[in-house]
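# Reading the structure
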Amino acid sequence: MTYEIVRETDPAIADVLENERSRQNDTLAMIASENHVSEAVMEAQSSELTNNYAEGYPGERYYAGCEFADGVEQMAIDRAKELWGADHVNVQPHSGSQANMAVYLAVLDPGDKILSLDLTHGGHLSHGHPANFAGKMYDVEQYEVDPETGYVDYELLDEKAETFDPDIIVSGYSAYPREVDFERIQRTAETVDAYHLADIAHITGLVAAGVHRSPVGIADFVAGSTHKTIRAGRGGIVMCNREHADAIDSAVFPGAQGGPAMHNIAGKAVGFGEALDPRFETYAKQTVANAKALGSRLQEHGLHLVSGGTDNHLVLVNLRPSHPNTTGKDVESALERAGIVLNANTVPGETRSAFNPSGIRAGTPALTTRGFGAEGCREVADLIFEVVDAPSDEDVIADVRNRIDDLTDEYTLYD
Ligand code: DSN
């Protein structure tokens, strides 16, 4: 894709777009929620569908001119159903947060009760953080991971479910490196007569490929985003059984949103089509193998991984045991200068602030898209460790930057 036309009409923006392309080409994206979509997905996302107003659903629109919007949305829905095996899919949410919002709107009244994982233990803002709409509109109680093991404390969840009597329990997390036992959480939800929302935003691709157990057909609602491990461009998605289909559709539109972003839905359709190709399963398996290789090499260097390892696409490093005077932000900033982009992250039992926490989170979806295998990820772990160990040493950072330049030349991305 070129920016020739923007360059003619708006050079300042063309500069930004080209700089961002260079940044992505020349650095390693290890933010666990990021990935690189194909040029086909980007082309679909930049299509004329951005001009179309398609309030409603295929065959039932409020405005004329939706013949082709109908076609693309129906293809996105059909492909999603095939990928995740869901009875009903809504592909209109603009994001994972809005997918969650739609589920709450479908079955909760303001003031109803949500039981979800604490943000500092790996949860998500939209699961009920006080600064988020979910925390403002609903009564929220939170469960945690076991401080010793780093795994979800399912017994604590049971106890809280018993005493809090939630209307909905949220499973699925943003910074949790282990498989989620959706069946167990569903049993808890049934015991207290609560709905169960499984937010698989991070693991949509792993679930689609059968690399992580699926909550579809178990939880009442499955929500997610489409730009992380699934590589289908920015957006959200909600799945449910037929019983809740109308409630979900009304909650997305007109409940939470107006017109759908049809250009993004075209991107989703293309990305879902790519994920139906058998090569996607290979990609998803390699993403997990790469995270395991990254994590075990970091451990060999003496770093402490929350939960002792990973089952999925990310590792969460608690810096306190090995580097008590180094914060996640120190490491995030030094690594960015070295060409590795990841994020500082809270860790269970966090004592620092969320802005400058004690951990870092690193994911392998984007590296795997670039073609990295386990050996490459072990080398990246070595480079990360060099910087963790000396975040103020600009010579070390420059050496790592040189090696990242070699790696980004070897594992190319966009032309
Ligand atoms: N903020 C995203 C993440 O990084 O996990 C989720 O929405």
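The preceding data block contains the structure.
Quick look at the structure, then. (Residues numbered from 1 in each chain as written. Predicted model: local features only at pLDDT ≥ 70, side-chain atom pairs only at ≥ 80, totals over all residues. Heavy atoms only, no water.)

## Structural notes on the sheet that holds strand β7 (residues 168-171)
Note the threshold: Paired strands, in this sense, are two strands between which DSSP finds at least two bridges. Numbering of helices and strands runs from the N terminus; a helix is a DSSP stretch of H or I covering at least four residues, while a strand is a stretch of E covering at least two. Axes here mean lines fitted to C-alpha atoms, for a helix over just the part in contact, with angles spanning 0 to 180 degrees between N-to-C directions. In what follows, residue pairs with any heavy atoms lying within 4.5 Å of each other are defined as contacts.
Strand order in this open sheet of seven strands is β4-β10-β9-β8-β7-β5-β6, and the pairing throughout is mixed. Pairing within the sheet leaves two strands with one partner each, and these edge strands are β4 (88-90) and β6 (139-143). Taken over all neighbouring pairs, the strand axes of this sheet differ in orientation by 20° on average, direction set aside. Bridging between β4 and strand β10 (residues 236-240) involves three bridges; their strand directions are antiparallel. Following the sheet pairing, Asn90 is matched in β10 by Val238. Against the sheet, helix α7 (residues 154-164) engages β5 (113-117), β6 and β7, with an angle of about 155° to β6.

## Things to note about the pattern of salt bridges
Convention followed: By definition here, a salt bridge exists when the distance from a side-chain nitrogen of Lys or Arg to a carboxyl oxygen of Asp or Glu is within 4 Å. Accessible area is worked out with a 1.4 Å probe on protein chains only. A residue is then buried under 20% of its type maximum, exposed over 50%, and partly exposed in between.
Scanning the entire structure with this criterion turns up 21 salt bridges. The shortest N-O distance in the salt bridge between Glu375 and Arg378 comes to 3.1 Å. With a gap of three residues between them, Glu375 and Arg378 both fall in helix α15 (residues 374-389), about one helical turn apart. A residue is classified by how much of its surface remains accessible, and Glu375, at 55% relative accessible area, is exposed. Looking at Arg378, the relative accessible area reads 29%, which means it is partly exposed.

## Some thoughts on the site of the ligand
Formally: Think of it this way: one heavy atom of a residue within 4 Å of a molecule or strand is enough to make that residue near it. Two N or O atoms count as a polar contact when they lie within 3.5 Å, although within protein this holds only if one can serve as hydrogen donor and the other as acceptor, and sequence-adjacent residues are included solely when both atoms are side-chain atoms. All accessible-area figures derive from a Shrake-Rupley calculation using a 1.4 Å probe, and residue coverage is judged against the displayed protein chains alone. For this classification, the nonpolar set comprises Ala, Val, Leu, Ile, Met, Phe, Trp, Tyr, Cys and Pro, the charged set comprises Asp, Glu, Lys and Arg, and every other residue, Gly included, is treated as polar.
The environment of the ligand is formed by Ser33, His124, Ser174, His202, Lys228 and Arg361. Within the side chain of Ser33, one N or O atom sits 2.7 Å away from an oxygen atom of the ligand. Arg361 has a polar side-chain atom sitting 2.7 Å from an oxygen atom of the ligand. Relative to its unbound accessible surface of 240 Å², the ligand loses 62% to contact with the protein. Looking at the shell around the ligand, its residues break down into no nonpolar, four polar and two charged.

## Description of the nonpolar core
Condition: Residues belong to one nonpolar core when they are buried, are Ala, Val, Leu, Ile, Met, Phe, Trp, Tyr or Cys, and are joined through side-chain atoms within 4.5 Å.
One finds Trp84, Ile169, Ile230, Met239 and Phe272 to be the most contacted residues of the largest nonpolar core, which totals 56 residues. Put simply, the parts of the chain that give this core at least two residues each are α4 (67-84), β5, α7, α8 (182-191), α9 (204-208), β10, α11 (262-276) and α12 (279-300). The biggest single contributor to this core is α4, with seven residues. Ignoring any residue separated from it by four or fewer positions in sequence, one finds Ile230 in contact with Leu83, Trp84, Thr204, Gly205, Ala208, Ser225, Phe272, Ala275 and Phe280.

## Observations concerning the side chain of Arg21
This is how it is decided: Residues counted as positive are Lys and Arg, residues counted as negative are Asp and Glu, and His and the chain ends are not counted.
Mapping Arg21 onto the fold places it in helix α2 (residues 11-26). Salt bridges are absent for the buried Arg21, whose nearest opposite-charge side chain, Glu18, sits at 5.7 Å. Contacts of Arg21, omitting those with residues within four sequence positions, involve Met1, Thr2, Tyr3 and Asp415.

## Comments concerning the environment of Glu300
Within the element layout of this structure, Glu300 appears in helix α12. Each C-alpha atom, one on Glu300 and one on Ala99, is 39 Å from the other, the two residues being 201 residues apart in sequence.

## Regarding the pairing of β5
Every regular strand shows the same layout, with side chains that alternate between the two sheet faces. When you tally the buried positions in β5, you get four out of five residues, the bulk of the element. Pairing of β5 with β7 involves two bridges; the strand directions are parallel. Opposite Ile114, over in β7, you have Ile168 as the bridge partner.

## So, the packing of α15 against helix α16 (residues 394-410)
For the record, the criterion: Small angles under 35 degrees read as roughly parallel and large ones over 145 as roughly antiparallel, with 65 to 115 read as roughly perpendicular and the rest as oblique. Handedness of a crossing follows from how the near helix is turned relative to the far one, being left-handed for an anticlockwise turn of less than a right angle and right-handed for a clockwise one.
Running from N to C, α15 and α16 cross one another at 160°; their axes reach a closest spacing of 9 Å. As the angle between them shows, α15 and α16 are arranged roughly antiparallel. Here α15 and α16 pass one another in a crossing that is left-handed. Taking contact as the criterion, the partners of Glu379, Val380, Leu383, Glu386 and Val387 in α15 are, on α16, Val396, Val400, Arg403, Ile404 and Leu407. Classifying every residue of the contact of α15 with α16 by side-chain character gives seven nonpolar, no polar and three charged.

## Regarding the packing of aromatic side chains
Convention followed: Classification of ring pairs rests on two measures: the distance between centres of Phe, Tyr or Trp rings, Trp counted by its six-membered ring, which must be within 6.5 Å, and the angle between planes, read as stacked under 30 degrees, edge-to-face over 60 and tilted in between.
Summed over all chains, the structure comprises ten aromatic pairs. Judged by centre distance (5.7 Å) and plane angle (65°), the rings of Tyr62 and Phe253 are edge-to-face. Residue Tyr62 is located in the loop between β3 (60-61) and α4, and its partner Phe253 is located in helix α10 (residues 245-256); the two are separated by 191 residues in the primary sequence. Given a relative accessible area of 62%, Tyr62 falls into the exposed group.

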